[in-house]
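The primary structure of each chain is shown beneath.
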Amino acid sequence: MYKYILESAGSINWMAISALITFVTVFLVSAIMAFRSPLGYLNKMSNLPLDDSYLQTSETDIRHEEK
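Residues numbered from 1 in each chain as written. Predicted model: local features only at pLDDT ≥ 70, side-chain atom pairs only at ≥ 80, totals over all residues. Heavy atoms only, no water.

> Just checking my understanding: could you explain the overall build of the chain for this structure?
Across its full length, the chain holds 4 helices and 0 strands. For the chain, the sequential pattern of α-helices and β-strands runs α-α-α-α. Here the chain, with 67 residues, has 1% of them falling under the buried criterion. When the accessible surface of the chain is split by element, carbon and sulfur atoms take 67% of a total near 6600 Å². (Helix = DSSP H or I, 4+ residues; strand = E, 2+ residues; numbered from the N terminus. Buried < 20%, exposed > 50% of the residue type's maximum accessible area, 1.4 Å probe, protein only. Areas by Shrake-Rupley, 256 points an atom, 1.4 Å probe, with all protein chains shown as cover.)

Following this line, the structure appears as structure tokens:
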């Protein structure tokens, strides 16, 4: 069946097909990893850009190292 679909599509560039298969594979793996991640980890990562405590601790660590 797949051979018939590929033959009827005309001139298909095999590089394009391999790029599409690679994209779909990476997307599916990342989606599976996202759904299998613990909810606490996802909440922590989603709030990380808004969390100022990380920035403050890294600044104090840098200033402490300079002294």
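> I would appreciate a short explanation of the packing of aromatic side chains in the present structure.
For any pair of aromatic rings, geometry is given as the distance between the ring centres together with the angle between the planes. For the structure on display, the rule yields 1 aromatic pair. The interplanar angle of 20° and the centroid separation of 6.2 Å between the aromatic rings of F23 and F27 together place this pair among those described as stacked. Of this pair, F23 and F27 both sit in helix α2 (residues 14-36), separated by 4 residues, roughly a single helical turn. (Phe/Tyr/Trp six-rings, centres within 6.5 Å; stacked < 30°, edge-to-face > 60°.)

> How should a nonpolar patch on the surface be read in this particular structure?
Nonpolar side chains collect at one region of the surface, where L20, F23, V24, F27, L28 and I32 lie side by side and expose about 620 Å² of accessible area between them. Here L20 lies in helix α2. (Patch = residues over 30% accessible without salt bridge, like charges linked within 9 Å, V, L, I, M, F, W, Y side chains within 5 Å. Salt bridge = Lys/Arg side-chain N within 4 Å of Asp/Glu carboxyl O.)

> Explanation requested: the confidence of the model for the chain in the structure shown.
Detailed reading of predicted coordinates is not advised where the pLDDT is low. Per-residue pLDDT for the chain has a mean of 79; in total, 70% of the residues score no lower than 70. Within the chain, the lowest mean pLDDT, 60, falls on helix α4 (residues 52-66), and the highest, 92, falls on α2. (pLDDT = per-residue confidence, 0-100.)

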